[in-house]
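Listed below are the residues making up each chain.
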Amino acid sequence: DRRARELLEQERAGKRSDRLNSERAAARAEELEGRLQVRMADLDLEKQLMARPPVIVGAALVVPAGLLLDAVAPDRVDRRVIEKAAMGAVLAAEIALGNDARDVSAGASYDIESRTPAGALRFIEVKGRRAGADTVVTLTRNEILLALNSPEACILALVEIDEQGRAREVRYVRRFERAEPSHSVTSISYNVKHLLEQSEEPG
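Quick summary incoming for the structure in this document. None of the values given here were measured: they were computed from a predicted structure.

Structural notes on the sheet that holds strand E2 (residues 112–115)
Taken in spatial order, the five strands of this open sheet run E1-E2-E3-E5-E6, and their pairing is mixed. The open sheet has two edge strands with one neighbour each: strand E1 (100–103) and strand E6 (167–173). With direction set aside, neighbouring strand axes in the sheet form an average angle of 25°. In terms of strand pairing, E1 meets E2 through four bridges, oriented antiparallel. Bridging from a neighbouring strand, Asp100 pairs with Arg115 of E2.

Below, the structure written as structure tokens:
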């Protein structure tokens, strides 16, 4: 308010400020006064708070993870164990090569993103399988399209997992697909034996 009065007197004397005039200063004072009144009203309401008995609005049941796993079908548990072991084996293989590798499976259309010391990116799709089982590997349409669009950077990693959940061998397959799937295709299954014939050691 004081500033608004000072500016008004200056304006009457023929001195005007380009940055702030008396009208804007007065409007600002009114705005601050209004905010002050609202805040004071809020504080008055807070003084009137009274303690009341608590009301339960929700509940949670905590169950050990082991019990949940026991309730899941054995093949699903086995699948998770295989996938985890396969991911660990490929990450270890990339690190052994001197690459900077990280798990991006939660948000990307591939599992591992790895950067070589020279700065080249590698997009690795990991497929684990039990030793002596799984005769096919299935890839989604997005995984196939990524391989077609970035043939030099994309790698299909095949990992064989033994009965103890340990990785036996990691094999890399490059350029595993050369034809774009039709729009009606959501996934394609590949013969594991055929893929292994095209595979090589990580490098």
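Points about helix H2 (residues 22–47)
If you check H2, its first and last C-alpha atoms are 38 Å apart, about what 26 residues at 1.5 Å a residue would give, namely 38 Å. The set of residues buried in H2 consists of Ser22, Ala25 and Ala29. Looking at the buried positions of H2, the neighbouring elements they touch are helix H1 (2–12). Regarding H2, its N-cap is Asn21, as a side-chain oxygen of that residue lies 3.2 Å from the backbone nitrogen of Glu23 further along.

Here's the deal with the pattern of salt bridges
Scanning all chains against the criterion turns up 14 salt bridges. With its nearest N and O atoms 3.1 Å apart, the salt bridge here joins Glu94 to Arg122. Pair noted here: Glu94 is in helix H4 (residues 74–96) and Arg122 is in strand E3 (residues 121–130), with a separation of 28 residues, a long-range link. By relative accessible area, which is 0% here, Glu94 ends up buried.

Section: helix H5 (residues 141–149)
Within H5, burial applies to Arg141, Glu143, Ile144, Leu146 and Ala147. Where H5 is buried, its residues meet E3, strand E4 (136–140), strand E5 (154–161) and strand E7 (187–191).

Looking at the environment of Ala120
The topology assignment puts Ala120 in the loop between E2 and E3. Here Ala120 falls in the partly exposed class, since its relative accessible area comes to 42%. Ala120 sits 33 residues away from Ala153 along the chain, and the two C-alpha atoms are 8.0 Å apart. Ignoring any residue separated from it by four or fewer positions in sequence, one finds Ala120 in contact with Ser114 and Arg115.

A few points about empty space enclosed by the protein
With the rule as written, the count across this model stands at one cavity of 30 Å³ or more. By volume, the largest cavity is sized at about 60 Å³. The wall of the largest cavity is formed by Ser109, Tyr110, Phe123, Glu125, Glu143, Leu146, Ala147, Cys154, Ile155 and Phe176. The greatest single-element share of the lining of the largest cavity, amounting to three residues, is contributed by H5. Partitioning the lining of the largest cavity into residue classes produces seven nonpolar, one polar and two charged.

Procedures and definitions
- Residues numbered from 1 in each chain as written.
- Predicted model: local features only at pLDDT ≥ 70, side-chain atom pairs only at ≥ 80, totals over all residues.
- Heavy atoms only, no water.
- Pairing = 2+ DSSP bridges.
- Helix = DSSP H or I, 4+ residues; strand = E, 2+ residues; numbered from the N terminus.
- Axes fitted to C-alpha atoms, helices over the stretch in contact; angles between N-to-C directions.
- Expected span 1.5 Å × (residues − 1).
- Buried < 20%, exposed > 50% of the residue type's maximum accessible area, 1.4 Å probe, protein only.
- Contact = heavy atoms within 4.5 Å.
- Polar contact = N/O pair within 3.5 Å; in protein donor to acceptor, adjacent residues only side chain to side chain.
- Salt bridge = Lys/Arg side-chain N within 4 Å of Asp/Glu carboxyl O.
- 1 Å grid on protein atoms, 1.4 Å probe; cavity = no way out; pocket = protein on both sides within 12 Å on 5 of 7 lines; lining within 4 Å.
- Points joined across faces, edges and corners; volume = space filled by probe spheres on them.
- Nonpolar A, V, L, I, M, F, W, Y, C, P; charged D, E, K, R; others polar.

So yeah, pure geometry; function would need other evidence.
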